[in-house]
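Per-entry structural report
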Amino acid sequence: MSLPAAAISYLFSAVPAYADLKLCNRMSYVVEVAIGIDDKAATATRGWFRIDPAACRVVAQGTLTADRILLNARALGVYGSSPVPQSGNDTLCIAPDNFVIAAARQCRAGQTPAPFTQINPTKTDDGHLVAYLAEGSEYDDEQARLAAIQRLLVIAGYDAAPIDGLDGPKTQAALAAFLKSRGLTADLVQSPKFFSTMIDAVQSPSTTGLTWCNDTPHKIMAAIATDDGKTVISRGWYRIDPGKCLHPDVSGQPKQIFSFAEAVDGENRALKFRDRPLNWGGATQLCTRESKFEVNDQHDCGNRGLTVTGFAAVDMSSGGKTLRFALP
C-alpha cells in the first residue's frame, strides 16, 4: 500500500544535493520507501528501504546530482487496507522485492508502474539532505513511535484506541497484556528491533488465547464473539493476510468463545471455492455487519440492519487455541 499524498506532508525547503540523502519517518506506520532519481533524460528507481516510526535511514550515499528526487512509500501488509494509495504526478517502475531499475519510465517483466511524488529535502547543518514523512497529525518522533505502538496493538485486538500518540494507562495496560501474552519482556520496548519483534508477534501463533492463521492464498476477514454468561458480544473485522496469523484480544474470562472467518477478494467481497462460500463458521447465530462492528445484543439482527452469521464455538479448555484456515 502506498501512502496518500494528502495524508503525507514532506517537511523540506531547498532542492538538490550535497551529500547523503536521509529519510525520517514521523508516521504511525512502519513503511518501505522507494526513491526515484530524475537526472536530465534518465530516471532510475531504487527500493525498498524499511523505516520504522521515529527512525531515519540513509537512502542515497555520497554527492547526489539530480534534477528531481521522487518518492513512493508503502505501509507493511500487516496494516491491512489502510492507508489508501497516494496520487503522485510521476509514474515510475518498481518491483516487489529489493530492486534497482536504471530506466524506470518503461516497465519490463516483473516490474509494475507506481505513483511517485517529488520531494525537496532540506540541507542540514552537517551538509546532508533530510526529508520527513509525516501524517496529517504531524507527530514528533516520540508521538509517532507511541502512535505506531498503539496502531499495532489495535491490529492485534488490544484496546489501545484512540491512536493519538499520547501515553496513558490504557495504552500501557494494552502493551503490558500484549507483551505478557507473547512471553516478551518490557525492556524490549527500548530495543532497536522492537517494531520487527512486535510485528512478528502480531503475525504469529500464541500459546495462550485464540490465534487465527491464514493458510490460504486469499485475504481473510475474521470476527470473534465472547459469552460471559450474561452478554454475548460479537466484534470484527480482523484482517489476516495469506501466510500470516493474528491474535485477537479476549478481555476478561469469558465462559465461551466463538469464531467466524471468510476469504475475500481485493474489494472485500466473499469468495467461493467450488461454488461454495469459502468460510469457517458454525451453528451459533450471531450479529455482524459489513463494516467494523461491536454488537452486544444478539437478538433480532435482521430488523436492526445487521447480518445473521453462523459462528463456531472454540474449545479453549487447554488455555490456547490456534485455528488454521485452509482450502478444503
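For the structure, check the block above.
Report on the accompanying structure. Since this is a predicted model, take the numbers as computed values, not measurements.

For the coordinates displayed, the defined rule picks out eight aromatic pairs. For the pair W237 and F293, a centre-to-centre distance of 5.5 Å together with 75° between the ring planes defines the contact as edge-to-face. Note that W237 is positioned in strand β14 (residues 232-240) and F293 in strand β21 (residues 293-295), a separation of 56 residues in sequence. The class for F293 is buried, based on a relative accessible area of 3%. Cluster of aromatic residues (ring-pair linked, three or more members): W237, F260, F293 and F311. The ring of W48 carries R74 above its face, with NZ or CZ at 3.7 Å from the centroid.

What follows concerns the packing of helix α1 (residues 141-155) against helix α3 (residues 194-202). In helix packing, the relevant descriptors are the interaxial angle and the interaxial distance, both defined with respect to the helix axes. Relative orientation of the contacting elements α1 and α3 amounts to 10°, with a least axis distance of 10 Å. Our classification of the angle between α1 and α3 gives roughly parallel. When α1 is examined against α3, the residues R145, A148, I149, L152, L153 and I155 are found in contact with a partner set consisting of F194, F195, M198, I199 and V202. Residue composition of the contact of α1 with α3, grouped by class: 10 nonpolar, no polar and one charged.

Time to look at the sheet that holds strand β15 (residues 245-246). With mixed pairing, the three strands of this open sheet are ordered in space as β15-β12-β23. Lying at the two open borders of the sheet, with one neighbouring strand each, are β15 and β23 (320-325). Sheet topology note: the strand β12 (residues 209-214)/β23 ladder contains six bridges and is parallel. Residue T211 lies in a different strand from β23, and its bridge partner there is T322.

The strand order across the open sheet formed by six strands is β7-β9-β6-β3-β4-β8, and the pairing between neighbours is antiparallel. Where the open sheet ends on each side, the last strands, each with one partner, are β7 (90-94) and β8 (99-101). When strand polarity is set aside, the average angle formed by the axes of neighbouring strands in this sheet is 35°.

Below, the discussion takes up the state of the cysteines. Counted under the stated rule, the structure contains four disulfides. Across the disulfide, C24 is cross-linked to C56 (sulfur-sulfur distance 2.0 Å). With the S-S dihedral at roughly 110°, the linkage between C24 and C56 falls on the right-handed side. In this pair, C24 sits in strand β2 (residues 21-26) while C56 sits in strand β5 (residues 56-60), placing the two residues 32 residues apart along the sequence. Look at C24 and you get buried, because its relative accessible area is 3%. By relative accessible area, C56 is classed as partly exposed at 43%. The residue that forms a disulfide with C213 is C245, at a sulfur-sulfur distance of 2.0 Å. Residues C213 and C245 are joined through a disulfide that is right-handed, its torsion about the S-S bond being 105°. One end of the pair, C213, is in strand β12; the other, C245, is in strand β15, with 32 residues separating them in the sequence.

Turning our attention to the side chain of T216. Relative to the assigned elements, T216 resides in the loop between β12 and β13 (219-227). A polar contact of 2.8 Å, which involves the side chain of T216, links it to the side chain of N214. Polar side-chain contacts of T216 include one of 3.0 Å to the backbone nitrogen of H218. In contact with T216, not counting residues within four places along its chain, are P242, G243, W280, F325, A326 and L327.

Here we take up unusual backbone geometry. Between G47 and the following residue, W48, the backbone shows a cis peptide bond with an omega angle of 0°. In this structure, W48 sits in strand β4 (residues 42-51). For the bond from A161 to P162, the omega torsion is 0°, close enough to zero to count as cis. Following the sequence through the fold, P162 ends up in the loop between α1 and α2 (169-181). One non-glycine residue, A54, lies in the positive phi region at around 65°. As for its position among the elements, A54 is in the loop between β4 and β5. At D275, a position not held by glycine, the phi torsion is positive, near 65°. Looking at the secondary structure, you find D275 in the loop between β17 (272-273) and β18 (276-277). On the basis of relative accessibility, which here comes to 74%, the residue D275 falls in the exposed class.

Procedures and definitions
Residues numbered from 1 in each chain as written. Predicted model: local features only at pLDDT ≥ 70, side-chain atom pairs only at ≥ 80, totals over all residues. Heavy atoms only, no water. Phe/Tyr/Trp six-rings, centres within 6.5 Å; stacked < 30°, edge-to-face > 60°. Helix = DSSP H or I, 4+ residues; strand = E, 2+ residues; numbered from the N terminus. Buried < 20%, exposed > 50% of the residue type's maximum accessible area, 1.4 Å probe, protein only. Lys NZ or Arg CZ within 6 Å of the ring centre and 35° of its normal. Axes fitted to C-alpha atoms, helices over the stretch in contact; angles between N-to-C directions. Parallel < 35°, antiparallel > 145°, perpendicular 65-115°, else oblique. Contact = heavy atoms within 4.5 Å. Nonpolar A, V, L, I, M, F, W, Y, C, P; charged D, E, K, R; others polar. Pairing = 2+ DSSP bridges. Disulfide = S-S within 2.5 Å. Polar contact = N/O pair within 3.5 Å; in protein donor to acceptor, adjacent residues only side chain to side chain.

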